[in-house]
Amino acid sequence: MNCSNLIDWGYYIPASSTGSCAFFYNQGAQRMIDVHISLNKRYFKNPLSKVLQDGGSHVPAQQDVVVQNGCRVCESCPICDCSSQFLRFPFKSSVQARWVHDESSDRPTPQKMYPEAVIVSRYDDHNPFFHLSLMMNAWSIRAHLTSSSRTIMVLGEKVTQKLDSLWSSLFNATVLYSDDLPTSFSVHNSWFVRSEYRSPIMHELDAHSLRCHRKSVMIQSFFSDAIHAMGARASIEQRITFIRRQHYQVKGKYRTIGRRLVNENKIIKSTRRAFPHMIVEGVFMEGLEQRQQISLMQRSKFVIGMHGAGMVNVGFMNSGGVVIEIFPRLKRRYGYRNICAYLGIEYHEYRGGIDRGPLMDKIIDVYQWDTYLRQFYSRTLNRDIVNTQ
């Protein structure tokens, strides 16, 4: 039995001490009833606006959150060990809140009461891969939301994102950050969302070959629901989209980003020559609204891009699409390959060219790329002919 397979709506995970398998239901959030939340001084561990280097060092999650309640999941199943139930990160590298088990009736009077809230604390706001990972955890309990007046509470630094519109549309909810919330409030029906490090699309990121190489109904359903919520469904076109990477600004400060394709314009021109019958376009996804991003992926037959968070958008492609992910030679991270496998999207990786500098930028010889594309096109064309016979 392969203990590492991703199973729809759950996982088989090996127990290292015994070698046996354990099944974990994929519940991406924990329900708690009648909680009182204090935000106090709004302390953020490592605000996005202070980090000038791209990567995992920014932690905009609020650190001084206090949650008081009787630890009730429902009337018949109390959970009182809150401190161990809601660690912010898997290895205790950060804690989302201080959990106080308090069944007394003399709690402080809240400044406001919310009927229902999905409560999240983000690790890396600018990174859409982490963003969608967290959103998938929340989506897994969407069917259990009951109130017509619901809120997405982001307990952390307020740096609004294009994906906030997807949060709002997918959950039919208002998105509020710490700065939008009172310092003291209560929530009747609260859902605390699990860390983005523990979601279905984070499974087997470093595995050289995906052990469970098959479509996933769960992951297909998530992306399908997201496309529908944004009203962005579109038919596939003869279009090649390059997802580009560039340095960008956060609160007026530039952040350096790595893994850029230095001679990208030449590579795009070479691609136009190789595919003269197709529309070839290079796009900075962050310059598009969320609905435009999803619609563009829906219409793209091919998506090409350097390894980076923007490649998570391949999850919005139609079946029949093709992805080419360009890697630094020594980079081994396979989240986007996995998404393609789960969705039935054809995937290829390219490691040619020369890596340059500590940021792993890349230069690809134009002749080398042109040769690769022509061989790739010939294989694709022959395959399509065989499939239509």
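Provided above is the structure to which this section pertains.
Conventions adopted
Residues numbered from 1 in each chain as written. Predicted model: local features only at pLDDT ≥ 70, side-chain atom pairs only at ≥ 80, totals over all residues. Heavy atoms only, no water. Helix = DSSP H or I, 4+ residues; strand = E, 2+ residues; numbered from the N terminus. Expected span 1.5 Å × (residues − 1). Buried < 20%, exposed > 50% of the residue type's maximum accessible area, 1.4 Å probe, protein only. Pairing = 2+ DSSP bridges. Phe/Tyr/Trp six-rings, centres within 6.5 Å; stacked < 30°, edge-to-face > 60°.

Colleague: What is the right way to read helix H2 (residues 128-139) from this model?
Modeller: In an α-helix, one turn spans 3.6 residues; hence positions three or four apart end up facing the same way. Between its first and last C-alpha, H2 extends 16 Å over twelve residues, near the 16 Å set by a 1.5 Å rise per residue. The buried count for H2 comes to twelve of twelve residues, which makes it a mostly enclosed element. Three or more residues of H2 are buried, namely Pro 128, Phe 129, Phe 130, His 131, Leu 132, Ser 133, Leu 134, Met 135, Met 136, Asn 137, Ala 138 and Trp 139.

Colleague: How do you make sense of the pairing of strand E9 (residues 112-120) when you look at a structure like this?
Modeller: The side chains of a regular strand alternate, residue by residue, between the two faces of the sheet. Pairing analysis gives seven bridges linking E9 to strand E12 (residues 184-193), with the strands arranged parallel. Looking at E12, one finds that Glu 116 is bridged to Asn 189. Two elements, E9 and strand E10 (residues 150-154), share five bridges in a ladder whose sense is parallel. Across the sheet, residue Glu 116 finds its bridge partner in E10, namely Arg 150.

Colleague: Looking at this model, I keep getting lost on the packing of aromatic side chains. Mind explaining?
Modeller: In the structure shown here, the tally under the stated rule is 15 aromatic pairs. Look at Tyr 350 and Tyr 372: their rings are 4.7 Å apart centre to centre, the planes differ by 55°, and that puts the pair in the tilted class. Remark: Tyr 372 occurs in helix H8 (residues 366-388) and Tyr 350 occurs in strand E19 (residues 346-350); sequence separation between them is 22 residues. Given a relative accessible area of 14%, Tyr 372 falls into the buried group. Counting every residue linked through ring pairs, the aromatic cluster contains Phe 275, Phe 302, Tyr 350, Trp 369, Tyr 372 and Phe 376.

Interpretation note: all reported values are geometric properties and have no functional meaning in isolation.
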